[in-house]
Amino acid sequence: MPPRRVVLPLLLAVLVVCPFVLNPYLVFVISVVFIYTILALGLNLLLGFAGQFAFANAAFFGIGAYATALLKIHLGVSFWLGLPLGGLITAAIGVVVGLPALRLSGLYLAMATLAFAQLFQWLLIHWPSFTFGAGGIKVSHPGFGPSPFGYETNVYFLCLGVAVLAVFATWNIVRSRVGRAFVAIRDSEVAAQALGIDPARYKTVAFALSAFYAGIAGGLHSVLLNYVAPEGYSLFQMVIHFAMVVVGGLGSVTGSVLGAALMTALPEVLRTFKSAQEIAFGAILMLCIIFLPDGLYGVIRRRLAGWRETLHRAPAGPASAPAPAVVTPDAHP
Amino acid sequence: MAFGGLIALKSVTMDVAAGEIRGLIGPNGAGKSTLFNVLSGLNRPQRGRVLFQGDDLLALRPHQVASRGIARTFQAAHLFRGMTVLENVMAGLHDRARGGVLSSALSLPAMRRAEDEARVRAFEALRFIEMDHVRDRLATELSYGQQRLVEIARALVREPTLLLLDEPAAGLSVARITGVDELLRRIRNEKGITIVLVEHVIRLVMGISDQVTVLNYGEKIAEGPPERIREDRAVIEAYLGKEDAGARH
Amino acid sequence: MFFFHLLTSGLSNGGLYALVALGLITIYRATLVVNFAHGEVFMLGAFFGYMFHVTLALPYPASLALAVASSLLLGMATERIAYRPLVRASTVSLVLASVGFSFVLKGFARVTWGGKGDYIPFPPIFSFPPLQVAGLIIVPQNLVILGGALAFMAVLWAFFRYTKLGKMMRATAENQRAAALVGIRIERVFAVTWGIGTCLGAVAGLLMAPVTLLYPDMGATLLIQAFASAILGGFGSMPGAILGGFIVGLVESFVGGYLGSQYITAAPFVIILAVLVVRPAGLLGTRAVVKV
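The rules behind each value
Residues numbered from 1 in each chain as written. Chains lettered and ligands numbered in written order. Predicted model: local features only at pLDDT ≥ 70, side-chain atom pairs only at ≥ 80, totals over all residues. Helix = DSSP H or I, 4+ residues; strand = E, 2+ residues; numbered from the N terminus. Buried ≥ 20, exposed ≤ 12 C-beta atoms within 10 Å, placed from the backbone. Contact = placed C-beta atoms within 7 Å. Axes fitted to C-alpha atoms, helices over the stretch in contact; angles between N-to-C directions. Parallel < 35°, antiparallel > 145°, perpendicular 65-115°, else oblique. Left-handed = near helix turned anticlockwise from the far one by under 90°. Nonpolar A, V, L, I, M, F, W, Y, C, P; charged D, E, K, R; others polar. pLDDT = per-residue confidence, 0-100. Expected span 1.5 Å × (residues − 1). Pairing = 2+ DSSP bridges. Core = buried A, V, L, I, M, F, W, Y, C linked by C-beta atoms within 7 Å. Arc of directions from axis to C-beta.

### A short note on the overall build of chain A
- Looking only at helices and strands, one finds 14 helices and two strands in chain A.
- Out of the 333 residues in chain A, the part that is buried amounts to 57%.
- Across chain A, every contact between residues at least 6 apart in sequence was considered, and the portion connecting residues at least 24 apart equals 78%.

Now the structure itself:
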């Protein structure tokens, strides 16, 4: 297997050529893969690297999408400004959602963030004056200026560009002192504190970061579909996000990309099962978890020596996921 | 220091001089680990003060205490399982460096320089404890004894003023224990670091400490140079029980 | 009058939530696994009942018994197939696996009994006219549900208190290793625990079936309500699950009656968030003090 240095530029070249040789539907699907990659990277930072068990990612995705769309509709902000703004708004909300994480962990945190996510969906549906309710919002095409390509191709390249940036940024973060701080908190919060690492600060950073990624992904998604609606950010979405990260490989950048690709391709493939789609999806999910505990990245790591990510293997074993704990002020875990 | 109804420490006063090696011993449940937790900010006692270089550290969070120059190790080696040995030690330099998410994400030259520096210092810390040959192995691949040593390196790389060692010899072979003895001497002599160690291996503690403090049931029952402690009645009773109790077995 | 109606329906719903939450907590206490497929168990309980009582035209009591037996087997099979292989896995993996399983169960129900949007009516079992007691009108179905829920809780309590198996389960829940050391066959206890936990959910489904329409997605909402109940009462505490269940049922009822029915779906989430922010240990739970 040739090293990453060779494979990645080749892959990039192939992807650049795709919109000119594939049919529009496939181009659309690959655009979705790019968006999901960004999402999965963000979630992996929070869940895989920082070890924060948060169920709010689909909500962040939705907040980003709605923020970008509503900024345009209510305030006339152009998409090109609305996208980063939407990401920042989502990041700010991510910080707020992360506040309970400073006191809760494990399943309690999961439940709190799950409740938040569901509440968000409820709000989307029941606040029609602001969010236009269950019917959703049509999102207009942003202008691509001097670009000679068609709309779908433009969006494809936009998504590709942002995804590449996201992979690059994540790769760097993971191998920096910030990345080490995340893993330190995940593997032993007590030891991390003894090294001067402030868990509260880095948990907040992790939440903000993953929310930012999801928010950007949401904004992109809104212009890919030209439509945002509450059911797109439901619990089912949340399951897909988690599946991407777990099946791809917790705590690995490669895993995020692979997981995103797989979880986009899977529903397409499963369409052939028609009514048994749910059963097939659930069964595949269970089989992956039972037989591939380290995810797809784990398989790659074992077979292809050159691909080992230098840092941060996936957390494995019950020791890394203790029973839910409530942190009382004078007795830190 | 009380946990609900359980009083772990009842009024312990301890003064440690700079450059000293202080042993902290006592039977199980005496409150030694709790004392360490109080010192490093993990438990906050209901009353008392922790004076370090003139400042009261009691109100500080654990990571702030650490940044003041106090490093500690733990009974169960708390190495970060997801990292290699070198990365573990590099993590020890966290609060000595700067750089947030944005500069990390962009991989700015200043960040890369800082990373290289950290790598070099971590390597040197590993060399000091003679573990540099395993630096690229995952932390989980090491034996327990090796992990404990790496933990010490991770604490040392921070160039702390005070080093709190929680049972550094626990579970080690006799040969390794001698190694620990030598290592502690080198740490104090070559680096001038003050050491407080909790230990059950009496041979090690008595051999290396300048002074020994003995706890029992959350109270200090004796303090002084090792030779005196060895003969102290209260200490012997605490460990072996009174004569009659011994006879009943 | 209106208030009383809200009270009774709140209590009867609360009884159901309490049962489902109890099932969830029973499994959690012994195995430390939170079964995200528990809502589907409730749903299948109702559908099994439908299958025995309507499709096979068996009398209701027999259908009840058979449905309970089926879900007992389902629970034990789930434990064997889906959770035993994952005993060493991380929490995330377990959660995701149980979610996957919930899809399998939901899909199975959809394929067997009807697709999206199909609502299947279950014949009302106790169709007495409303009772009049001291000027208040009581809907008998609510009484039956409440009574049934309380009866099962009493049976469960007796089981844990007085039977050998119950005591073994309690021991395992408290300290797995110690239980194994005294000779308790942990695997067997796990299997039975799953069976009982699943049963409780299914029984709730069976009790509710006569007064509601059945559809494959009915498990999802119920899971949230069960979580809200368990968390409110103190996650891991069995009396807490019961207390929490009744409170959630009442809150939903009164919120729906006085504020508007669209707020009913939001109520469990608000409860969860409020509890976790203000007092994560819930009403009856104990705060964990973790030793370094």
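Continuing now.
### A word on the overall build of chain C
- For chain C, the count of helices and strands is eleven helices and four strands.
- For chain C, the C-alpha atoms occupy an extent of roughly 60 × 45 × 40 Å along the three principal directions.
- The buried share of chain C, taken over its 292 residues, is 55%.
- When contacts within chain C are restricted to residue pairs at least 6 apart in sequence, long-range pairs at least 24 apart make up 76% of them.

### Quick look at the packing of helix H13 (residues 277–291) of chain A against helix H4 (residues 91–113) of chain C
- Contact pair H13 of chain A / H4 of chain C: the axes reach a minimum separation of 7 Å and the direction vectors enclose 155°. Relative to H4 of chain C, the element H13 of chain A lies roughly antiparallel. Of the two elements, H13 of chain A crosses H4 of chain C, and the hand of that crossing is left-handed. Contacts between H13 of chain A and H4 of chain C involve Glu278, Ile279, Phe281, Gly282, Ala283, Leu285, Met286, Ile289 and Ile290 of chain A from the former and Ser93, Leu96, Ala97, Gly100, Phe101, Phe103, Val104, Lys106, Gly107, Phe108 and Arg110 of chain C from the latter.
- Of the residues assigned to the contact of H13 of chain A with H4 of chain C, the class counts are 13 nonpolar, four polar and three charged.

### Topic: the environment of alanine 229 of chain A
Residue and element names in this part refer to chain A.
- The residue alanine 229 is located in the loop between strand S2 (227–228) and helix H11 (235–248) in this model.
- You can call alanine 229 buried: it has 20 C-beta atoms within 10 Å.
- For the pair alanine 229 and threonine 131, spaced 98 residues apart in sequence, the C-alpha to C-alpha distance is 9.1 Å.

### Notes on the confidence of the model for chain C
All names here are of chain C.
- Averaged over every residue, the pLDDT of chain C is 81; residues scoring 70 or more account for 90%.
- Within chain C, the element-level pLDDT minimum falls on strand S2 (residues 131–133), averaging 64, and the maximum on helix H10 (residues 238–258), averaging 90.
- Both scores are available for the predicted complex, with the pTM at 0.87 and the ipTM at 0.87.

### Details of the environment of arginine 188 of chain C
All names here are of chain C.
- Relative to the helices and strands, arginine 188 is located in helix H8 (residues 186–208).
- Looking at arginine 188, the number of C-beta atoms within 10 Å reads 13, which means it is partly exposed.
- Taking the C-alpha atoms as reference points, arginine 188 and methionine 76, separated by 112 residues in sequence, lie 9.6 Å from one another.

### Some details on helix H4 (residues 79–98) of chain A
Residues and elements named next belong to chain A.
- Taking 1.5 Å per residue, 20 residues should reach 28 Å; H4 reaches 27 Å between its end C-alpha atoms and fits that length.
- Inspection of H4 places Phe79, Gly82, Leu83, Gly86, Gly87, Ile89, Thr90, Ala91, Ile93, Gly94, Val97 and Gly98 among the buried residues, and these make up the whole buried set.
- Tucked inside the fold, the buried residues of H4 contact helix H3 (57–75), helix H5 (106–126) and helix H10 (199–225).

### Points about the environment of alanine 200 of chain A
- Mapped onto the secondary structure, alanine 200 of chain A falls in helix H10.
- In the structure, alanine 200 of chain A is positioned 102 residues away from glycine 98 of chain A in sequence and 9.3 Å away in space, judged by C-alpha atoms.

### A few points about the pairing of strand S8 (residues 194–198) of chain B
Residues and elements named next belong to chain B.
- Of all five residues in S8, five are buried, a share of seventy percent or more.
- The two faces of S8 match: Thr194, Val196 and Val198 on one face and Ile195 and Leu197 on the other face are all buried.
- As paired strands, strand S3 (residues 21–25) and S8 are joined by four bridges and run parallel to one another. The partner of arginine 22 across the bridge, within S8, is valine 196.

### Some thoughts on the packing of helix H2 (residues 24–49) of chain A against H10 of chain A
Residues and elements named next belong to chain A.
- One can describe the packing of H2 onto H10 by two numbers: an axis separation of 7 Å at closest approach and a directional angle of 170°. The angle between the axes of H2 and H10 places the two elements in the roughly antiparallel class. Both H2 and H10 take part in a crossing whose hand is left-handed. Two secondary-structure elements touch here, H2 through Ser31, Ile35, Ile38, Leu39, Leu41, Gly42, Leu43, Leu45 and Leu46 and H10 through Ala206, Phe207, Leu209, Ser210, Phe212, Tyr213, Ala214, Ile216, Ala217, Leu220, His221 and Leu224.
- Here the residues of the contact of H2 with H10 sort into 17 nonpolar, four polar and no charged.

### A word on the sheet that holds strand S9 (residues 211–216) of chain B
Residues and elements named next belong to chain B.
- Reading across from one edge, S6-S7-S8-S3-S9-S10 is the order of the six strands in this open sheet, with mixed pairing throughout. Of all strands in the sheet, those with a lone pairing partner are strand S6 (70–72) and strand S10 (219–224), marking the two edges. Here the strands of the sheet are splayed against their neighbours by 20° on average, with no regard to which way each runs.
- By the bridge criterion, five bridges tie S9 to S10 in an arrangement that is antiparallel.

### Some thoughts on unusual backbone geometry
Residues and elements named next belong to chain B.
- A positive phi angle, near 60°, is found at glutamate 130, a position not held by glycine.
- The residue glutamate 130 is located in the loop between helix H5 (109–128) and helix H6 (144–156) in this model.
- Positive phi outside glycine occurs at glutamate 159, with the angle close to 50°.
- Mapped onto the elements, glutamate 159 comes out in the loop between H6 and strand S7 (162–166).

### Structural notes on the nonpolar core
- The biggest cluster of nonpolar side chains holds 280 residues, and the ones touching the most others in it are Ile38 and Met111 of chain A, Ala153 of chain B together with Val20, Leu22 and Ile272 of chain C.
- Residues within four places of leucine 22 of chain C in sequence aside, it is in contact with Met153, Leu156, Leu200, Met238, Ala241 and Ile242 of chain C.

### Looking at the confidence of the model for chain A
- Of the residues in chain A, 89% have a pLDDT of 70 or more, and the chain-wide mean is 84.
- Low pLDDT, under 50, characterises residues 316–333 of chain A; the predicted model gives this stretch 50 contacts beyond four residues in sequence or across chains.

### Considerations on H5 of chain B
Residues and elements named next belong to chain B.
- Under the 1.5 Å per step criterion, the end-to-end length of H5 is 29 Å for 20 residues, consistent within 8% with the ideal 28 Å.
- Those residues of H5 not exposed but buried are Met111, Ala114, Ala118, Ala122, Ala125 and Leu126. The buried side chains of H5 occupy one side of the element, clustering within an arc of 110° when seen end-on. The exposed residues of H5 that point more than 90 degrees off its buried face are Pro109, Arg112, Arg113, Asp116 and Val120.

### What to know about the pairing of S7 of chain B
All names here are of chain B.
- Of all five residues in S7, five are buried; the element is thus mostly enclosed.
- Residue alternation in S7 divides its side chains into two sets, Leu162, Leu164 and Asp166 and Leu163 and Leu165, and both sets are buried.
- The pairing of S6 with S7 spans three bridges and is classified as parallel. Within S7, the position partnered with arginine 72 by the bridge is leucine 164.
- Bridge count for S7 against S8 is five bridges, and the pairing is parallel. Looking across to S8, one finds that leucine 164 is bridged to valine 196.

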